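Chain by chain, the residues:
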Amino acid sequence: MATTTTIDVSTPESIQTTLRKIAEEENDIDTNLENLLSKQSLIESKMGAICYFLGTLNTVVADTKKLSTQISHTANLAESVSAKVRSVDLARSRASECQQRVHDLIDLQLCSQGVLKAIEEEDYEKGSALIGRFLSIDQNVLQRTAGDVGSSGSVTSVSDAVRTLENATEKMRKLVVIRFDEAVNKDDLASVERFLKLFPLLGIHYDGIEKFGKYICTKLAIKSEKELRTSLDIAKSENRLPVAFADTLTTLLENFARVIEVNKPIIEAHYGSGYLIILAILLQNECDSEVKNVVLEFNKNRRINDLIQQIKEYNRATGGNMPSLSQYQKQSVNADKPQPKDIDPIIVELTIMHSRVELYFRFLRRKVKLDIDASNVEDVEKERQTQRLNSLLNNSGLSRQMQELLSNYLLLERHFMEESVNKAITLDTFEVGQQCSSMVDDVFYILRKCIRRSLTTQSVNGLCAVINNTASCLYNFINALKVPLKNGYPSGYTDLAYSAIQSAVQHGKLQSSDSEKARSNFINRLNNADMSTEFLETLWETIEQDIKNTFPTLSVTEQRIVDSCISELRTVRDTLKACVNFGMTQLRSSAVKPRLNPWIDQFLNYSHILSEEELADYEAGETFIQTLIVQLDGFLSQFKNVLTPRNFDAFVSILATDTTARLERAIKKTSFNRLGGLILDQEIRALSSYLTGVTSWSVRDKMTRLTQIATILNLEKVDELTEYWGPENENETPSWRLTPQEVRILLALRIDFRMDDIKRIKL
Amino acid sequence: MEDYKFLFKIVLVGNAGVGKTCLVRRFTQGLFPPGQGATIGVDFMIKTVEVEGEKIKLQIWDTAGQERFRSITQSYYRSAHALILVYDISCQPTFDCLPDWLREIQEYANSKVLKILVGNKTDRDDREIPTQIGEEFAKQHDMYFLETSAKEAENVERLFYEIAAELIDQARNKDGANVNKTTTDSIGLGNFGTKATQNSCCSSFSSNTSQSTNENNNSRNNT
């Protein structure tokens, strides 16, 4: 713009140019104006259209307003209609209420007329039904109706009818009670049941059940007393004698369970749900006292209290801990304590009794809980009834009896277990050809038997206590194993286990020396300990399975208690393992080391600086390694069959460790030339292949250091080492166990290697 | 695996109704359940606490006090690391039974078990056993002593935390003893004297430790 506004008129050329520019601009403006003018008609027509539509829009606004008023009008209408419908509904419900009252009143009339007649005719069913109808009418409404009718002055007999019926109800209640009592006295079961059904009609549910309960209790009392006496008599002559009292208790509890089972539907049909608990409470009282009688008889006949007393005194005398074996042997002379064999059947009977009570409680809980849940009351009331049930079960005399039975059971079971285990240890015998002695089998058989038996009590508490006692018992068992191990493996000229046992076989025990006996004893205990760890693992695995089968639905807390008790057995297992390890170290220090060291030290007597001829001579003759292998083989074969496989593997492992360590020491004291290194390499290979062959367990790892030492000493030149040593070789060869320092020392053992070369090598 | 350094079993014993369950519930759940029913057999609670920067899992076994549960509860004594013997300070008979309980502990528990005497219900006005009597009794029998109220939550946390601290010390000493190959018999109460005095939080415990150590040694010599 600046150029066009500042017009340069200094020269005619510039004037010309400016003129041309102005003319061009003028042309542009002209075309623009023409364009605008051509659009004028289009815009005008559009404006016309808009004006037309404006008129139409006004009509739309008016219509909309009309519609909205119509809608609000309709809404008002609908509201007033629905209000009318509501009041109609109310009226109708009042009408039906009224109808109900009229029906009630008619029935009331009928009832009051019929009831007296029924009573006169001794038609108790009809009378009770009429009274039942009367009682089902809302008494408050009835009172009000009587008042309403009375105030209007008409002479109706509503209040009279009510009075008649109330009197009749009283009379009927008394009558039914009297008739029921008569039936009870006559022991007329049909009549008892007949009148039992009438109580709820007369609105005296509780009385009915109470009376019925008492009746049943007296019947059961007579029955069970008879049963107790007969079963005692019969049991004495029959083969069920050992479980006579358990049988009696079973029959007794079955009787009670049957009463509940049979009468539950009757009561539910005539009384409705929720009343069974009343019957249960009544029955439980009777059950408690009857069970008490049976248990008293049981305790008396089986001398339970004497036994408990004896065991308690015995335990006190031994300080609660199991006596040591020598003590045990001394004490077994005095016969004051009960013998396992004698209390075994009593323990069985106790477990049966306990399990029966447990089953009875489960049955009762299930039945009554179902009845409470089915009852037609609020949840709070149901909760209250359920608590009533729980306190009935937990605080009943039966539950206390059951806990005492369990307590006695546990005391006897513990005594049985400890005494039997002690006996098994005392009577321990070792048969030739066996790796373990009899006590391992015996002890674990006893423990398993006891734990299984504890499961049959159906009590988690009982099971856990027995598992705890098992753990205690095993600690004592371990101590018995440990004593010979502590004394160590006796060394001496004939310190070979095999020969010890062999000579014991050949000459009989009398002639074998004390140390031989001690040696075979040591090996035997070591095997026992090893076998016991295995048995113990199997034991808790099977227990866990058994528990799952016996108690499929344990609560979280119960499961935790059980788990914690079983984990105690795991601790025992660890102690047993420590015991095996302890025995192994004893064996190592007294049997392995003294033999092995002189054999391996022979290495020092063989020169490893050889000429070609000497090498040939050496290979022709008896080499060091051949001798060593023969010696090792002889040594190991003596232990192979007397040790359990696991113990033997552990033993070979010890032997391999000690051999390689000692041999390494000997090598480090020796000088080598090229051929000496070659021989060493052969020797190490021979040893390695021998040891690998002896055991299933991989011995290669133990040989790694030695193999690497042999590789170093078998080098052609010092430089060759770099081919083996280095990060690029790590994938092919096992990583080096030797430090660079050690490698230099080893290289220096080769007399033909120069120190300068060794120093120069990069490690 | 759960994340904890030590697991200790603590067993509570004592006559029925002295408040064993309430002590456990107060400690593990922070509750005081009124009208607590009698425990049947044993009950079991776990609480993980942190003492001296270590996570400790406490397995607390609450036992029934009635005689008829004795053969169940006894079976738990042996594996216990600590036994809490509880009596009710407002009920003389519960205190009079203590010697019977000690006999039972002697008979069934590990001889090295940590024993604590607890007089519960200090909230009651009708105290029958003065603190000093309880303290004397504990001193005579090599036990720690503490009075608590489960209802008012008094000394309950302290009771369990101090037990945890003592048991950690014991466990550490045991490890140390094994490494140094010293006699393992020294794990017993003998170590408490030094440990307890170093540790300021055990002030109530430390008052009787020096004496108890001596008595402990004496009783060992006698037996």
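Quick notes on the rules
Residue indices follow the written sequence of each chain, beginning from 1 at its first position. As they are written, the chains are lettered A onward and the ligands numbered 1 onward, keeping that order. Local features in a predicted model are, by the rule used here, given only for residues with pLDDT of at least 70; side-chain atom pairs are given and counted only at 80 or more, and totals for whole chains, interfaces and linings are based on all residues. For side-chain calculations, the full set of non-hydrogen atoms in the structure is used, while hydrogens and water are omitted. Each helix corresponds to a stretch of at least 4 residues labelled H or I by DSSP, and each strand to a stretch of at least 2 residues labelled E; elements are numbered beginning at the N terminus. A simple rule labels every residue: compare its accessible area, found with a 1.4 Å probe on the protein chains alone, to the largest value its type can have, and call it buried under 20%, exposed over 50%, or partly exposed in between. Residue-level accessible areas treat just the shown protein chains as cover; the underlying method is Shrake-Rupley with a 1.4 Å probe. Axis definition: a line fitted to C-alpha atoms, limited for helices to the stretch in contact. Angles are taken between N-to-C directions and run from 0 to 180 degrees. Throughout this description, any angle smaller than 35 degrees is read as roughly parallel, any larger than 145 degrees as roughly antiparallel, any in the 65 to 115 degree range as roughly perpendicular, and the remainder as oblique. What makes a crossing left-handed is the near helix being turned counterclockwise from the far one by less than a right angle; a clockwise turn instead makes it right-handed. In this description, contact between two residues means that some pair of their heavy atoms is separated by no more than 4.5 Å. Classification convention: Asp, Glu, Lys, Arg as charged; Ala, Val, Leu, Ile, Met, Phe, Trp, Tyr, Cys, Pro as nonpolar; all other residues, Gly among them, as polar. Salt bridges are defined as contacts in which a side-chain nitrogen from Lys or Arg sits within 4 Å of a carboxyl oxygen from Asp or Glu. Buried area: the sum, over both parts, of the accessible surface (1.4 Å probe) that disappears when the two are put together. Any pair of N or O atoms that falls within 3.5 Å is considered a polar contact. Within protein, one atom must be able to donate a hydrogen and the other to accept it, and sequence-neighbouring residues count only if both atoms are side-chain atoms. Pairing between two strands is assigned when DSSP locates at least 2 bridges connecting them. Annotation comment: domain bounds sourced from an automatic or database domain assignment. Every helix has an expected span of 1.5 Å times one less than the residues it contains. Residues qualify for a patch when their relative accessible area is over 30% and they have no salt bridge, like charges being joined within 9 Å and the nonpolar side chains of Val, Leu, Ile, Met, Phe, Trp and Tyr within 5 Å. Charge assignment in this entry is limited to Lys and Arg as positive and Asp and Glu as negative, and neither His nor the chain termini are counted. Every charge is mapped onto a representative atom, which is NZ of Lys, CZ of Arg, CG of Asp or CD of Glu.

With that settled, the discussion passes to the overall build of chain B. A tally of regular secondary structure across chain B gives nine helices and six strands. Evaluated residue by residue, chain B yields a buried proportion of 54% over its 223 residues. Of the accessible surface of chain B, which amounts to about 10,000 Å², a share of 45% is contributed by carbon and sulfur atoms.

Further remarks concern the packing of helix H15 (residues 397–426) of chain A against helix H17 (residues 460–487) of chain A. Residue and element names in this part refer to chain A. As a packed pair, H15 and H17 sit with axes 10 Å apart at the nearest point and diverge in direction by 20°. Viewed along their axes, H15 and H17 adopt a mutual orientation that is roughly parallel. Relative to H17, H15 is oriented so that their crossing is right-handed. Side by side, H15 and H17 meet where Leu 406, Tyr 409, Leu 410, Glu 413, Arg 414, Met 417, Glu 418, Val 421 and Ile 425 of the first sit next to Asn 461, Gly 462, Ala 465, Val 466, Asn 469, Thr 470, Cys 473, Phe 477 and Ala 480 of the second. Among the residues forming the contact of H15 with H17, the class breakdown is 11 nonpolar, four polar and three charged.

Taken as a whole and assessed by the stated rule, the structure comprises 46 salt bridges over all chains. Note that B:Arg158 and B:Glu162 form a salt bridge whose closest N and O atoms lie 3.0 Å from each other. Within this pair, B:Arg158 and its partner B:Glu162 are both found in helix H6 (residues 156–180), separated by four residues, close to a single helical turn. By sharing partners, the salt bridges in this structure join A:Asp344, A:Glu413, A:Lys449 and A:Arg453 into a single network.

Interface size is commonly expressed as the accessible area that is lost once the parts come together. Listed as interface residues are 29 residues of chain A and, on the opposing side, 21 residues of chain B. Taking both sides of the interface into account, the surface hidden between chain A and chain B amounts to around 2,000 Å²; carbon and sulfur atoms contribute 51%. If you sort the residues of chain A by the area they bury against chain B, A:Gln403, A:Asn461 and A:Ile561 come out on top, with a joint share of 23%. At the boundary of chain A and chain B, one finds two salt bridges. Between chain A and chain B we count eight residue pairs in polar contact (both at pLDDT 80 or more) in total. Those elements giving two or more residues to the side of chain A that touches chain B turn out to be helix H11 (304–317), H15, H17 and helix H20 (556–601) of chain A.

We now examine the pairing of strand E2 (residues 42–51) of chain B. Residue and element names in this part refer to chain B. Across 10 bridges, E2 lies against strand E3 (residues 54–63) in antiparallel orientation. By the bridge assignment, Asp 43 is partnered in E3 with Asp 62. The loop that links E2 with its antiparallel partner E3 comprises two residues; one of these, Glu 52, has a positive phi angle of about 50°.

Right, let's talk about the sheet that holds strand E1 (residues 6–13) of chain B for a bit. Strand order in the open sheet made by the six strands is E2-E3-E1-E4-E5-E6 (chain B), with mixed pairing throughout. In this open sheet, the two strands that pair with only one neighbour each are E2 and strand E6 (144–147) of chain B. Taken pair by pair, the neighbouring strands of this sheet meet at an average axis angle of 25°, ignoring direction. Running over the sheet, H20(A) touches E1, E2 and E3 of chain B and is turned about 75° from E2(B).

A few words on the domain arrangement of chain A. Partitioning chain A into structural domains gives domain 1 (44–178), domain 2 (204–409), domain 3 (432–589) and domain 4 (606–760). The gap between the C-alpha centroids of domain 2 of chain A and domain 4 of chain A is 75 Å.

Between its terminal C-alpha atoms helix H22 (residues 624–640) of chain A stretches 24 Å, which fits the 24 Å expected from 17 residues at 1.5 Å a residue. Within H22(A), burial applies to A:Phe624, A:Ile625, A:Leu628, A:Ile629, A:Leu632, A:Phe635, A:Leu636, A:Gln638 and A:Phe639.

Summarising the element assignment, A:Ser45 is placed in helix H2 (residues 12–120). Judged by relative accessible area, which is 47%, A:Ser45 ranks as partly exposed.

Attention shifts here to unusual backbone geometry. Its identity is not glycine, yet B:Asp142 carries a phi of approximately 60°, on the positive side. Looking at the element boundaries, B:Asp142 is found in the loop between helix H5 (131–140) and E6.

Residue and element names in this part refer to chain A. A cluster of acidic side chains, namely Glu 612, Glu 613, Glu 614 and Asp 617, defines a negative patch on the protein surface. Tracing the chain through its elements places Glu 614 in helix H21 (residues 612–620). We classify Glu 614 as partly exposed; its relative accessible area is 40%.

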